[in-house]
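Inside the fold
The primary structure of each chain is shown beneath.
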Amino acid sequence: MDLERPFPMGIQHFRPPHCPRQGCPSQAADGPPFHFWSRGRFHRACDGRTVHRFSCCVCKRCFSVQTFRVDYRLQRPQLTGPIFDAFVSKVTQRQTARILSTTRKTVRRRLLLLARHSREFQTAVLERARLRKIIHGPFQLDEQQTFERDRRLQPVTFPVLIEEESLFVLHVEAGMLPARGNLRPSDLLRKRRLEAKDGVRISESREVVKRCFEELARVRNPDEMTVIKTDKAPHYPGALAETMTRNVLHLRYSGKLKDTSSPLWPINFTLAMLRDGLSRLVRKTWAATKERAWLTEHAWIWIAYRNYIRGFTNRQHRRSSAQCAGYVSRRFSKASFFEWRVLPIR
Ligand SMILES: [Zn+2]
């Protein structure tokens, strides 16, 4: 199945590309070749679709077209679109559950499903672009400061790496920061209690920034000069030197300028868009993330929206950032993006 156009001839010509059942011998590199036979169709009560069913000649197990879809085994697949809209429109999980007359548990499960699909899709796109050697840059990186549960006691850093011209988001990470200084006596007491429970917080800033650079080092074209622009944070040069040693140029600018005249405007603009789209990053509200791992999951859904679904700008709304970067050839709707699962590269 092609990543962008799985069925150019239409879904009625669906042919299973391989057996989707775990442990099937046909999936092994030296296993028997995959063959299937048709086992008729069934009607799905939840959305009224008629679905083809197949049987694997190797492991003898059944599967259907549905097994290859993102909404496989979902009881209310019609919630995916509205929940996705809420995730990229500053709506909290609890409010999403209220609006859609569902439970927070369903919203959380759908968040994990959409985040996993978004990450797998991005991985497949970057792998294809890596093989084609089309990931050029320049790139920009900056860290967004936020927090989990408590702004003073549990701050979090959130580095974001983008391609400068297309605003394509390559990677994000989230790491803890130590509690802030000048705490009130009551906060000091709570800090000690938290440290007794979870351990002393350290700064993971360098580590998570390094992970962003590692991802870039993995996918970039090593034969071309890679330009990376950041502000003058002291830990960036060391983290970069540990991940890329040749064909790399690190340009550092003052982070004080925040308007369009700043060389770092593309990353500043992206961080502002993130804050405007993710309920967890909206300042001075109670919507802040409770655990930083969930922030990363949520961010991957926004990245799918930014890279593949949203128009590049309001004027150039027919092209997505991924198209501008040359990584994909079409702009996706949310329905087409969350339609087919990303199959492992075989
Ligand atoms: Zn099989």
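See above for the structure.
Attention here is on the structure that accompanies the text.

Cut-offs and rules
- Residues numbered from 1 in each chain as written.
- Predicted model: local features only at pLDDT ≥ 70, side-chain atom pairs only at ≥ 80, totals over all residues.
- Heavy atoms only, no water.
- Helix = DSSP H or I, 4+ residues; strand = E, 2+ residues; numbered from the N terminus.
- Polar contact = N/O pair within 3.5 Å; in protein donor to acceptor, adjacent residues only side chain to side chain.
- Contact = heavy atoms within 4.5 Å.
- 1 Å grid on protein atoms, 1.4 Å probe; cavity = no way out; pocket = protein on both sides within 12 Å on 5 of 7 lines; lining within 4 Å.
- Points joined across faces, edges and corners; volume = space filled by probe spheres on them.
- Nonpolar A, V, L, I, M, F, W, Y, C, P; charged D, E, K, R; others polar.
- Donors = N, O, S within 2.8 Å, 3.2 Å for Na, K, Ca; no water.
- Buried < 20%, exposed > 50% of the residue type's maximum accessible area, 1.4 Å probe, protein only.
- Phe/Tyr/Trp six-rings, centres within 6.5 Å; stacked < 30°, edge-to-face > 60°.
- Lys NZ or Arg CZ within 6 Å of the ring centre and 35° of its normal.

Section: the side chain of Arg69
Inspection of the secondary structure assignment puts Arg69 in the loop between strand 3 (62-64) and helix 1 (80-87). Here Asp71 takes part through its side chain, which lies 3.2 Å from a polar atom of the side chain of Arg69. Discounting residues that sit within four places of it in the chain, Arg69 has contacts with Arg49, Glu339, Trp340 and Arg341.

Quick notes on the layout of surface pockets
Leftover empty space is mapped by rolling, across the atoms, a probe with the size of a water molecule. In this model, the largest pocket occupies a volume close to 670 Å³. Taken together, 25 residues form the lining of the largest pocket, with Val70, Tyr72, Arg73, Leu113 and Arg116 sitting closest to its centre. The class makeup of the residues in the lining of the largest pocket is eight nonpolar, seven polar and 10 charged.

Examining the coordination of the zinc ion
The protein atoms that coordinate the zinc ion are Cys19 (SG), Cys24 (SG), Cys56 (SG) and Cys59 (SG), at distances of 2.3 Å. In terms of primary sequence, the donors binding the zinc ion are separated according to C-x4-C-x31-C-x2-C. Residue Cys56 shares its accessibility class with Cys59, and that shared class is buried.

Examining the packing of aromatic side chains
Tallying each qualifying case throughout the model produces 19 aromatic pairs. Ring centres of Phe34 and Phe36 lie 6.0 Å apart, and the angle between their planes is 25 degrees; on these two criteria the pair is classed as stacked. For the pair Phe36 and Phe54, a centre-to-centre distance of 5.4 Å together with 90 degrees between the ring planes defines the contact as edge-to-face. Separated by 18 residues along the polypeptide, Phe36 in strand 1 (residues 36-43) and Phe54 in strand 2 (residues 50-56) bring together distant segments of the chain. Using a relative accessible area of 24% as the deciding quantity, one classes Phe36 as partly exposed. Look at Phe54 and you get buried, because its relative accessible area is 4%. These aromatic residues form a ring-pair network of at least three members: Phe84, Phe121, Phe168, Tyr305, Tyr308, Tyr327, Phe332, Phe337 and Phe338. Across the ring face of Trp340, the terminal group of Arg69 is positioned such that the distance to the ring centre comes to 5.3 Å. Its guanidinium or amino end placed over the ring of Phe332, Arg330 lies 4.4 Å from that ring's centre, counting from NZ or CZ.

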